[in-house]
Each structure stands twice: as structure tokens, then as C-alpha cells.
Amino acid sequence: MPQQPRDGTSLTVAVGGRRLSVSNLDKILYPATETTKGEIMSYYATVAQPFLAGLAGRPVTRVRFPHGVSDLSFFEKNLPPGAPDWLDRVELDSPGSRGSGGTVTYPLVNDLAQLTYLVNLASLEFHVPQWRVGPDGPMPPDRLVIDLDPGAPAGLVEAARLALVIRDELARQGLHRTVPVTSGSKGMQVYAALDGSRTSEEIRDLARELAQTLTAQRPDQVVWKMTRSIRPGRVLLDWSQNTAAKTTIAVYSTRGRDRPTVAAPRSWTDIESGLSGDELKQLDINEVMSQLSAVGDLFASGLADHD
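Nothing here was measured: the structure is a model prediction, and the numbers come from that model.

Throughout the structure, instances matching the rule amount to 15 salt bridges. Across the salt bridge formed by Lys186 and Asp149, the nearest N and O atoms sit 3.3 Å from each other. With Lys186 in the loop between β13 (178–182) and β14 (188–193) and Asp149 in strand β12 (residues 143–150), this pair connects stretches of sequence that are 37 residues apart. With a relative accessible area of 43%, Lys186 lands in the partly exposed category.

On to unusual backbone geometry. Cis rather than trans, the peptide bond between Ala152 and Pro153 has omega equal to 10°. Positive phi values are uncommon outside glycine, yet Asn24 reaches one of about 55°. By the secondary structure assignment, Asn24 is in the loop between β2 (18–22) and β3 (28–30). Taking relative accessible area as the criterion, Asn24 reaches 28% and is therefore assigned partly exposed.

Over the atoms, a rolled probe matching the size of one water molecule traces out where space is still vacant. Roughly 690 Å³ of internal volume is contained in the largest pocket. Residue lining of the largest pocket: 31 residues in total, with His127, Asp147, Gln241, Ile249 and Arg255 positioned closest to the centre. Where the lining of the largest pocket is concerned, the elements lending two or more residues are β5 (61–64), β9 (123–128), β12, β14, β16 (235–238) and β17 (248–249). The element that contributes the greatest number of residues to the lining of the largest pocket is β12, accounting for 3 residues. For the lining of the largest pocket, the per-class residue count stands at 10 nonpolar, 10 polar and 11 charged. If you count residues domain by domain, the lining of the largest pocket takes at least three from each of domain 1 (11–138) and domain 2 (141–303). As a volume, the second largest pocket reaches approximately 300 Å³. Every residue lining the second largest pocket is counted, 17 residues in all, and those nearest its centre are Leu92, Trp131, Pro138, Ala244 and Ala245. Elements supplying a minimum of two residues to the lining of the second largest pocket: β7 (89–93) and α5 (200–217).

So, on to the nonpolar core. Counting residues in each nonpolar core, the largest one holds 53 residues, and the members touching the most others are Tyr43, Tyr44, Phe51 and Phe126. With 5 residues, the top contributor of residues to this core is helix α3 (residues 112–120). Per-domain counts for this core show at least three residues from each of domain 1 (11–138) and domain 2 (141–303). Excluding anything up to four places from it in sequence, Tyr43 contacts Tyr252, Thr254, Val262, Ile285, Val288 and Met289. By size, the runner-up hydrophobic cluster in this structure holds 30 residues, among which are Ala163, Ile166, Val190 and Ala211.

Parameters and conventions
- Residues numbered from 1 in each chain as written.
- Predicted model: local features only at pLDDT ≥ 70, side-chain atom pairs only at ≥ 80, totals over all residues.
- Heavy atoms only, no water.
- Salt bridge = Lys/Arg side-chain N within 4 Å of Asp/Glu carboxyl O.
- Helix = DSSP H or I, 4+ residues; strand = E, 2+ residues; numbered from the N terminus.
- Buried < 20%, exposed > 50% of the residue type's maximum accessible area, 1.4 Å probe, protein only.
- 1 Å grid on protein atoms, 1.4 Å probe; cavity = no way out; pocket = protein on both sides within 12 Å on 5 of 7 lines; lining within 4 Å.
- Points joined across faces, edges and corners; volume = space filled by probe spheres on them.
- Nonpolar A, V, L, I, M, F, W, Y, C, P; charged D, E, K, R; others polar.
- Domains from an automatic or database assignment.
- Core = buried A, V, L, I, M, F, W, Y, C linked by side-chain atoms within 4.5 Å.
- Contact = heavy atoms within 4.5 Å.

Purely geometric stuff here, so don't read any function into it on its own.
What follows is the structure in C-alpha cells.
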């Protein structure tokens, strides 16, 4: 990533065979760590291969932080105004249209140039559904996700303990290919690979039943309803992110938190070690780049069919 002069002018760079303008590379987006926009762009270039593999074919919702994480942010579903014609896109029914005919034109992010264009707009978070777009529209989901959201004073350790239980419960239901992801925020997610034979509604119901079962078994630890008054000290098992209209933070996406933390795939050994005395924490961009270099893409390998 070229270094930008300190006058704030833009640069024209060659990315993936395209030339595009990037600006304000020295702008600090994370004041607590003095992490700049250029460093975030460099991170995404480093993790582009596994990140783009997870985004491919999925409509992408972004959270943009034009002035950094300490200022205002906004969700953006539609293609950004002025987007180049080489930024792939898909028009889908709006989740909130309720049959009114409303549509949203989402970007599809399939290469590094497209990703760089969106990151240059200070898109720090990328959110995607559990399904991909096919020739005839949304396809059946190819993965299940359960989001574990701890309510203080519960935290990542409590979420991790339940993640192991969820892994075993999913295995009992025939879903053996699972991956834990520390969310880069408070909690974590557990993903399971699907064969595409079930609808989003069926997978949503499966996840909801699992959350209800664990709540009944562990009422002091787990809740399945989002009612805030019952969440302190417990972990919400958010099954609803399997609903076709819902999205989840993309794996390898940065987060708009105080530090440049990442929704980071982990190994089950990481989680078990973290509960046996080793430190269990959210990973930042530098730690994720080091992990990727050392052990490769834990998300893809965890969900891969090894038969």
C-alpha cells in the first residue's frame, strides 16, 4: 500500500488490474491505537483471499465510519453513490418492503479492487447473510450461525464455555463441521457448514430450538429471548441471524470498536486452551494477520468437507 503525503491529497493506485483513487491514508480511524486508514487498507489487502472467499456471492451491508470510530457511523445497504460500473451488484427485494415492491441494490464484493473501493469509503464493518445469490436469486443457506452475546458481567469466557456445548449439540444433529469465531466485540459465533438442502426458515427453526433447549437446561447461563431485563449475567444465544433477512458480521471483518479488533476464526483448541488457563481474548488486525500467516484460514479449513 503506497504511503500518502501528509497534505491529505488522494493517490491513484493499481489494484487487481484496475486503477482507483484512495485518499486520507494517514487519517486516524482508531484514536485509541492511532490506527490509520492506510493500515486498515493494508490489513484488508493481507487477508483478502480468505475474506473475499467468505463474501463471494453474498450481498454486503457495510457500516461506515467517515471520521473514525469515535464519531458517527451509519449502515449502508445500497450501492454507494458514484460507484464504478466494475463494482458487482445485485438487486434484491428489500427486507423491510413487506411486499411493497421495494428493492435494494447491494454490492457483491468479489475481488481486491472492489474491496479496496469500499474500504476507501471508511467501511470498517462488513455484514452478510448465511446464503449466497444464485442465477435465480437467493439460494438456500450454506451455513448456520449462532451468535453468543454475553450480558455483563458475563463475558467472552462464559460465551466460550457455551460454544463448546453448542459444538457438541450440533454434532449430535449431524453438523460436524463447525468453527468458532471471536466476534471482535463482546462475544463470539459458532458456524456450522450446511449442505444446502434446507431453507432459511428450517435452519432458523433448528437454531431456535437449540437455543430454547439450552435455556431450559441452563437457565442461569443462557437466554434465547432478546428481552434486555433477563440478559445480565447470561449469554444470549441469538438464533435469529439465520433468518433470510438478517446478516452477521463477516469473518475477517474489522469492527468499529475502540481497538481495530476483528471477527476472527479460531480453532476449537484455541477455545479449549483459553478455558484452561491461557488468555482468551478478541484479536486485533495484527494478531489476525499473524494467525493467518502461521496456520492459514481456520474458517475455510474448519468448514471444509474432509471426507
